[in-house]
Amino acid sequence: MSRLLVIGCGGVASVAIRKCCQNSDVFTEIMIASRTKEKCDALKKKIESTTKTKIETAKVAELIRAYKPDAVLNVALPYQDLTIMDACLEAGADYIDTANYEAEDTEDPTWRAIYEKRCKEKGFTAYFDYSWQWAYDEKF
C-alpha cells in the first residue's frame with residue numbers, strides 16, 4: 001500500500017521500524033537508510049523473518065530521489081534535519097520530523113516559518129514533532 005523511507009538506524013529508528021513492520025498491510029515496503037549501510041543491513045537481518053513488509057537498505061545519498069517514497073520518517077540526529085527536508089522538498093516526498101532541527105538562535109522561529117511556507121507551496125505534508133521540547137528547555 002505504501003512505501004516508507006526511514007532515515008536513521010539507531011535506537012529510536014529501530015523501534016519505529018519494528019512497529020511499522022508490525023503493520024505490513026499499511027507499510028508494504030520500507031527502505032532503511034543511514035550513513036552506515038552495515039547497521040541497516042544488521043537490523044534488516046534481525047526483523048525480516050518476522051514481517052511481510054519488504055525491507056531494503058541503503059546509504060542516504062541520493063536515495064530519496066531514487067526510491068521515490070510516499071513519506072520520509074526522519075529519526076536521524078537533529079543536525080541532519082534541514083538537509084533531509086530540502087531533499088524531500090526537491091523530491092516531493094512528505095516529511096515527518098522527530099529529531100527537531102535546532103537553529104543557532106533557538107528563540108528565532110524564522111527557519112521553521114520558511115520551511116512550513118515552502119512545504120505548503122509545494123502542496124505536501126511536513127510534520128514537526130516538538131512535543132519533547134518543553135522538557136529540553138526546562139532542563140537546559
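This text goes with the structure placed above it.
Residues numbered from 1 in each chain as written. Predicted model: local features only at pLDDT ≥ 70, side-chain atom pairs only at ≥ 80, totals over all residues. Heavy atoms only, no water.

Focus: the overall build of the protein
Item 1. For the protein, the helix and strand inventory stands at six helices and six strands.
Item 2. Tracing the protein from N to C terminus, the helices and strands come up as β-α-β-α-β-α-β-α-β-α-β-α.
Item 3. Residue burial in the protein is summarised as follows: out of 140 residues, 41% are buried.
Item 4. Here the analysis covers contacts within the protein between residues at least 6 apart in sequence; of these, 69% occur between residues at least 24 apart. (Helix = DSSP H or I, 4+ residues; strand = E, 2+ residues; numbered from the N terminus. Buried < 20%, exposed > 50% of the residue type's maximum accessible area, 1.4 Å probe, protein only. Contact = heavy atoms within 4.5 Å.)

Quick word on the nonpolar core
Item 1. L5, I7, L63, I64, V72, I84 and C88 are the most contacted members of the largest nonpolar core, which has 21 residues in total.
Item 2. Counting only elements with at least two residues in this core, the list comes to β1 (2-7), β2 (27-34), α3 (63-67), α4 (81-91) and α5 (110-122).
Item 3. Sort the elements by how many residues they give to this core and α4 lands first, with five residues.
Item 4. Of all hydrophobic cores here, the second largest spans 17 residues; its members include L4, C9, I32 and I55. (Core = buried A, V, L, I, M, F, W, Y, C linked by side-chain atoms within 4.5 Å.)

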